[in-house]
Amino acid sequence: MRIINDLKIWEELRNTVYSSDSLGFVPTMGALHKGHLSLVHRSVTENDFTVVSIFLNPTQFDNADDLHEYPDTIVSDRSRLKKAGVDVLLCPDYDQLYPDNYTYKISETEFSKQLCGKHRPGHFDGVLTVVLKLINLVKPRRAYFGEKDHQQLKLVSGMVKAFFLDTEIVPCKTVREIDGLADSSRNSRLTPNNRKKAPLFYSILNMDLSPDKVIEKLQSAGFKVEYVEDIGNRRYGAVYLGEVRLIDNVYH
Ligand code: AMP
């Protein structure tokens, strides 16, 4: 596995060694877990080459503490990606990805203002902007995104259509722990007690009750609820356990 920090080197390799039309891409922010690896395995299976990026994107964080406390597990991330058969790990820095210092950005004006977007202003501008930059640099045939972040997946799919990008967005099922908790880089920050409580988020979200009743149940189980909303055939939720914010969504 090649580890590339310099985007100029990547651009050269993309036109030579990795010029294949069958290139899969998995963008991540690191602190990898089984959920990320399921996307990686899928890409490795479906493509000649797989590129994974690790870039902790500051423009999508509305909360500086959340950014600074984001787990950094780069050494084990590297070895897990190598073992999974990844060809290239791309780790650019902020100055390379944002030569404009984020004076240019991509905004979606409707769905991105709901759910997480309502509570984290600017979050999806940061997500869409970095994903567009990465897709333009990697030029993948397919890019893999998790249903765990369903709103993000829908917004990225919409952007690819809106801007005629030549990349297929492949949705991947949410990977969960045996107790139902969706794998997330933030789970490692839960206290042991809150980790025990956390699976109730998924089980209560799945109950056949109105969003208001679900909110009541979550609150009495000790969650601070940011939102629970039904849109289309999905129920979306975001909650806090202590300082840790968890999101999830279920078919409803
Ligand atoms: P992140 O590192 O949080 O930006 O996530 C990178 C990608 O992994 C995104 O497409 C996420 O939706 C996906 N992902 C994160 N957690 C899970 C999970 N538990 N199951 C499936 N995909 C996930």
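Data block above holds the structure.
Keep in mind the model is a prediction, meaning the values are calculated, not measured.

Overview of the site of the ligand
- Close to the ligand lie 17 residues; Met29, His36, Asp149, Val175 and Asp183 are nearest.
- For the ligand, an oxygen atom lies 3.0 Å from a polar atom in the backbone of Gly146.
- A distance of 2.6 Å separates an oxygen atom of the ligand from a polar side-chain atom of Asp149.
- In isolation the ligand has 490 Å² of accessible area, and contact with the protein removes 93% of it.
- Among the elements of the structure, strand 2 (23-28), helix 2 (34-46) and strand 5 (142-146) are those that each provide at least two residues to the shell around the ligand.
- Considering every element that reaches the shell around the ligand, the biggest residue donor is helix 2, with 3 residues.

Concerning helix 1 (residues 7-15)
- Among all positions in helix 1, only Leu7, Trp10, Leu13 and Arg14 are buried. The buried side chains of helix 1 occupy one side of the element, clustering within an arc of 120° when seen end-on. Seen from the buried face of helix 1, the exposed residues on the opposite side, beyond 90 degrees, are Lys8, Glu12 and Asn15.
- Structurally, helix 1 contributes buried residues whose contacts are with strand 1 (2-4), strand 2, strand 3 (49-54), strand 4 (88-90), helix 5 (94-97) and helix 7 (123-138).
- Looking at where helix 1 begins, the residue whose side-chain oxygen comes 2.9 Å from the main-chain nitrogen of Lys8 is Asp6.

Focus on the sheet that holds strand 8 (residues 234-241)
- One open sheet holds the 3 strands; their spatial order is 7-8-9, and the pairing between them is antiparallel. Each end of this open sheet is capped by a strand with a single partner; those strands are strand 7 (224-231) and strand 9 (244-251). Neighbouring strand axes in the sheet, compared pairwise and without regard to direction, differ in orientation by 10° on average.
- As judged from the 7 bridges shared by strand 7 and strand 8, these two strands associate in the antiparallel manner. The residue of strand 8 that forms the bridge with Glu229 is Tyr236.

About the cut-offs
Residues numbered from 1 in each chain as written. Predicted model: local features only at pLDDT ≥ 70, side-chain atom pairs only at ≥ 80, totals over all residues. Heavy atoms only, no water. Near = heavy atom within 4 Å. Polar contact = N/O pair within 3.5 Å; in protein donor to acceptor, adjacent residues only side chain to side chain. Areas by Shrake-Rupley, 256 points an atom, 1.4 Å probe, with all protein chains shown as cover. Helix = DSSP H or I, 4+ residues; strand = E, 2+ residues; numbered from the N terminus. Buried < 20%, exposed > 50% of the residue type's maximum accessible area, 1.4 Å probe, protein only. Arc of directions from axis to C-beta. Contact = heavy atoms within 4.5 Å. Pairing = 2+ DSSP bridges. Axes fitted to C-alpha atoms, helices over the stretch in contact; angles between N-to-C directions.

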